[in-house]
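Take a look at the letters that make up each chain.
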Amino acid sequence: MTNKLRKHYMITHTVIAIILMVIGILSGRSVPSAFAAPEYTDVLDDLCIDETFDTALYPADGKNGTLEVINIAESIDGELLIYVYRPSAAVKDLSATAIRISTTVGDSYSPNDYTLRRISSNGTLEKYVVDDFTVRSDSLRYYDIICIFRAWDSDYDDPASGGNNISDTSIPVNKGYTAMTVNGVVSYACTEIETIEITDKYVGYVNYRDGVTLNWGGVTGAVTSAHFVAFDTDKPIDRLMSATVQFDEQNVSCMYCANIYHANHSFNTFYDYKYGTPTKHDPITVKASDKVFNPGGGNISVGNTYEWKRIQKTSEFLADKKNDGMKIKDDAITAFSKTEWVLNFYETQVTAKGGDDLWKGFAFGLVGTVFVDDAECKMTMVSDVTVLRLRFETDGKVYDLGVVDNKQTGSKDPVGWIDGETPAWVWWLIGGIALIVVLIVIVAVLPNGINVVISVATVIGKGVVTVLSLPFRFVYWLVDCIAKRRDGDGK
């Protein structure tokens, strides 16, 4: 909404409030609205208090999977009640699950999602109470309803692309209700509000290796998972200034099989998953000026540090990842191609530990051998990602709008990753340890093992001396050649 439109919207609310106040003072009663008793009454009884209400306007239609908010009411117990028309009620039980409301307007505009609980139904008409919500004591109260949610259903909804899943489908409401209390009497008014709808969406994450560290506690490794949501909207956006995102997160632990000889699990796979309880993360607001980076680090496998912006055009996002050397899956590229903007909204850490001391840590470096323990892994899963609000500029005008958007979850696998780098000395170290192990086995098994070991060690020693001396011989040869050419003796 432009500043001008937002100002006009606030003026409209103020004018409505004044009109409601005058009506309340002069008549001592409210304008027609749904009545809410302290106990939950039948939805139809509530709606029919308005003498103009006509049930014929709300027919059954099994092919219509939408929901329509037709009224609201505040109970004397401080609850907010929502009255809904659901055409498919006789065919499927697709009740509303949540609703997106902002109780503030202007600069403090802040949409939030609230769970809905159905308390009455009659034909296609239903009444819900908004959970975890208390009506304010202000004499003037705002309820901007952006959208309402129900469970995704294949009979009515298109599936998400790119390996994503939609849990809750959003249905536009675009209504702003104003409640006014004058002399103990509550009056209501409703106006149309402007929103923005996400039309194409892709949720996922990319991985940055932060390296592997060998210390006296064993081997530990870490990965930064950078979570994103890419999208396009039904309104053009020239410059995206800020956005508010909400999602669920869940702690997960599991084991990684690093031993090809283990019979209970397949090599190079995860097993024994343990899931924590999903919790709703507080809304996160990201700005175009915000930047973030992964920590990097490690000693036996080094992870570089990379920096990226919180808000990017999709083309910029993909170009940056390519410049960083990131590998992006082909199906992800296809999903990205349908979007215009990317919000890099959250980072989580994946940690792994193999071996509980230095020596087992050395063995863990020999992935796939008989000596290796499996690794303990911990990570965080992100789900039900939804965009609550967008502040943007188009044609020189600034809009600050609530967003109509599904709750969507990406694939469990990363859509892109950057590999770490293993220093050369690590391979020499692993090779040396393997050689020592082989020599010990020879000594223990063969009758003349010690003599064989000495012979092998002599040959290997001469080879090592020869290899190590090659750089010096090369330098000597190079200097000799330069000297000869400088003296005029070279050809």
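Please read all numbers here as calculations on a predicted model, not as lab measurements. (Residues numbered from 1 in each chain as written. Predicted model: local features only at pLDDT ≥ 70, side-chain atom pairs only at ≥ 80, totals over all residues. Heavy atoms only, no water.)

> Report on the overall build of the protein, specifying residues and quantitative values.
When its secondary structure is counted, the protein shows 7 helices and 23 strands. For the protein, the proportion of its 491 residues judged to be buried stands at 45%. Here the contacts in the protein between residues at least 6 apart in sequence split such that 72% fall between residues at least 24 apart. Summed over its atoms, the accessible surface of the protein is roughly 25,300 Å², and 56% of this surface lies on carbon and sulfur atoms. (Helix = DSSP H or I, 4+ residues; strand = E, 2+ residues; numbered from the N terminus. Buried < 20%, exposed > 50% of the residue type's maximum accessible area, 1.4 Å probe, protein only. Contact = heavy atoms within 4.5 Å. Areas by Shrake-Rupley, 256 points an atom, 1.4 Å probe, with all protein chains shown as cover.)

> Report on the layout of surface pockets, specifying residues and quantitative values.
Empty space among the atoms becomes apparent when a probe as large as a water molecule is rolled across them. In this structure, the second largest pocket occupies an estimated 530 Å³ of space. Lining the second largest pocket are 28 residues; nearest its centre among them are Asp158, Ile166, Ile198, Thr199 and Asn406. When residues of the lining of the second largest pocket are assigned to their parent elements, the largest contribution, 6 residues, is made by strand E9 (residues 195-215). (1 Å grid on protein atoms, 1.4 Å probe; cavity = no way out; pocket = protein on both sides within 12 Å on 5 of 7 lines; lining within 4 Å. Points joined across faces, edges and corners; volume = space filled by probe spheres on them.)

> Give a description of the pattern of salt bridges that names residues and reports values.
Within the structure shown, the criterion is met by 20 salt bridges. One salt bridge connects Arg118 with Glu126, and the closest N-O pair in it is separated by 3.0 Å. One salt-bridge network, held together by shared partners, links Arg86, Asp93, Arg118 and Glu126. (Salt bridge = Lys/Arg side-chain N within 4 Å of Asp/Glu carboxyl O.)

> Quick one: what's the story with the environment of Gly78, residue by residue and with numbers?
Checked against the element boundaries, Gly78 lands in the loop between strand E1 (68-74) and strand E2 (80-85). Sequence-distant contacts of Gly78, defined by excluding residues within four places in its chain, comprise Phe133, Thr134 and Val135.

> Give a description of the nonpolar core that names residues and reports values.
Ranked by internal contacts, the top residues of the largest apolar core, which has 34 residues, are Leu80, Ile82, Ile99, Tyr143, Ile145 and Ile148. Every element with two or more residues in this core is listed here: helix H2 (43-47), E1, E2, strand E3 (96-102), strand E4 (112-122), strand E5 (125-130), strand E6 (140-151) and strand E7 (165-182). A total of 6 residues in this core trace back to one element, the largest contributor, which is E2. In this structure, Ile148 is in contact with Leu67, Val69, Val84, Ala96, Ala98, Ile99, Leu116, Thr169, Ser170, Ile171 and Val173, ignoring residues within four places of it in sequence. In terms of nonpolar packing, the next biggest core, distinct from the first, is built from 25 residues, Ala243, Ile284, Val286 and Phe345 among them. (Core = buried A, V, L, I, M, F, W, Y, C linked by side-chain atoms within 4.5 Å.)

> For helix H3 (residues 314-323), give the residues involved together with the corresponding values.
Every buried residue of H3 is listed here: Thr314, Phe317 and Lys321. Down the axis of H3, the sector holding all buried residues measures 60°, keeping them to one side. Along H3, the residues that are exposed and aim more than 90 degrees away from the buried face are Ser315, Lys322 and Asn323. (Arc of directions from axis to C-beta.)

> I'd love a proper account of a nonpolar patch on the surface, names of residues and values included.
On the surface, a cluster of nonpolar side chains totalling about 320 Å² of accessible area is made up of Ile260, Tyr261 and Phe267. Among the secondary structure elements, Tyr261 is positioned in the loop between strand E11 (239-256) and strand E12 (270-275). The exposure class assigned to Tyr261 is exposed, which follows from its relative accessible area of 57%. (Patch = residues over 30% accessible without salt bridge, like charges linked within 9 Å, V, L, I, M, F, W, Y side chains within 5 Å.)

> I'd love a proper account of the environment of Glu192, names of residues and values included.
In this fold, Glu192 is placed in strand E8 (residues 185-192). On the basis of relative accessibility, which here comes to 70%, the residue Glu192 falls in the exposed class. As a C-alpha pair, Glu192 and Lys175 span 17 residues in sequence and 4.7 Å in three-dimensional space.

> Explain the pairing of E3 to me, and be specific about the residues and the numbers.
With 6 of 7 residues buried, E3 is to be regarded as a mostly interior element. The sheet contact formed by E3 and E6 spans 6 bridges and is antiparallel. Of the residues in E6, the one forming a bridge with Ile101 is Ile145. Of the pairings in the sheet, the one linking E3 to E4 comprises 4 bridges and is antiparallel in character. (Pairing = 2+ DSSP bridges.)

> Could you give an account of the packing of aromatic side chains, naming the residues involved and the relevant values?
Overall, the coordinates contain 15 aromatic pairs when judged by the stated rule. With centroids separated by 5.6 Å and ring planes inclined at 55°, the aromatic side chains of Phe228 and Phe317 adopt a geometry described as tilted. Linking Phe228 in strand E10 (residues 218-233) with Phe317 in helix H3, this pair joins segments that are 89 residues apart in sequence. The exposure classification of Phe228 matches that of Phe317, with both residues buried. Where Phe247 meets Tyr346, the ring centres are 4.8 Å apart and the plane angle is 45°; that geometry is what we call tilted. In this pair, Phe247 sits in strand E11 while Tyr346 sits in strand E19 (residues 341-354), placing the two residues 99 residues apart along the sequence. Note on accessibility: Phe247 and Tyr346 belong to one class, buried. Three or more aromatic residues joined by ring pairs form one cluster here, namely Tyr202, Phe228, Phe317 and Phe336. The residue whose ring lies beneath Lys313 is Trp341, and the NZ or CZ to ring-centre distance is 4.8 Å. Positioned over the ring face of Phe149 is Lys407, at 4.8 Å from the centre of the ring. (Phe/Tyr/Trp six-rings, centres within 6.5 Å; stacked < 30°, edge-to-face > 60°. Lys NZ or Arg CZ within 6 Å of the ring centre and 35° of its normal.)

> Report on the confidence of the model for the protein, specifying residues and quantitative values.
Looking at the protein as a whole, the pLDDT averages 82, with 73% of positions reaching at least 70. Below pLDDT 50 for its whole length, residues 357-371 participates in 44 contacts with residues either more than four positions away or in separate chains. (pLDDT = per-residue confidence, 0-100.)

> Go over unusual backbone geometry, please, and point to the residues and values.
Positioned with a positive phi, Asn174 is a non-glycine residue whose angle comes to about 60°. Assignment of secondary structure puts Asn174 in strand E7. Positive phi values are uncommon outside glycine, yet Asn183 reaches one of about 55°. Take Asn183: it is sitting in the loop between E7 and E8.

> Describe in detail the pairing of E8, supporting the description with residues and values.
By the bridge criterion, 8 bridges tie E7 to E8 in an arrangement that is antiparallel. Opposite Val182, over in E8, you have Val185 as the bridge partner. Linkage of E7 to E8, two consecutive antiparallel strands, is achieved through a turn of 2 residues, within which Asn183 is found at a positive phi near 55°.

> Which residues make up the environment of Val186, and what values go with them?
Relative to the elements of secondary structure, Val186 occurs in strand E8. Relative accessible area serves as the criterion here: at 24%, Val186 is assigned to the partly exposed category. Distance in space between the C-alpha atoms of Val186 and Ala73 is 9.3 Å, their sequence separation being 113 residues.

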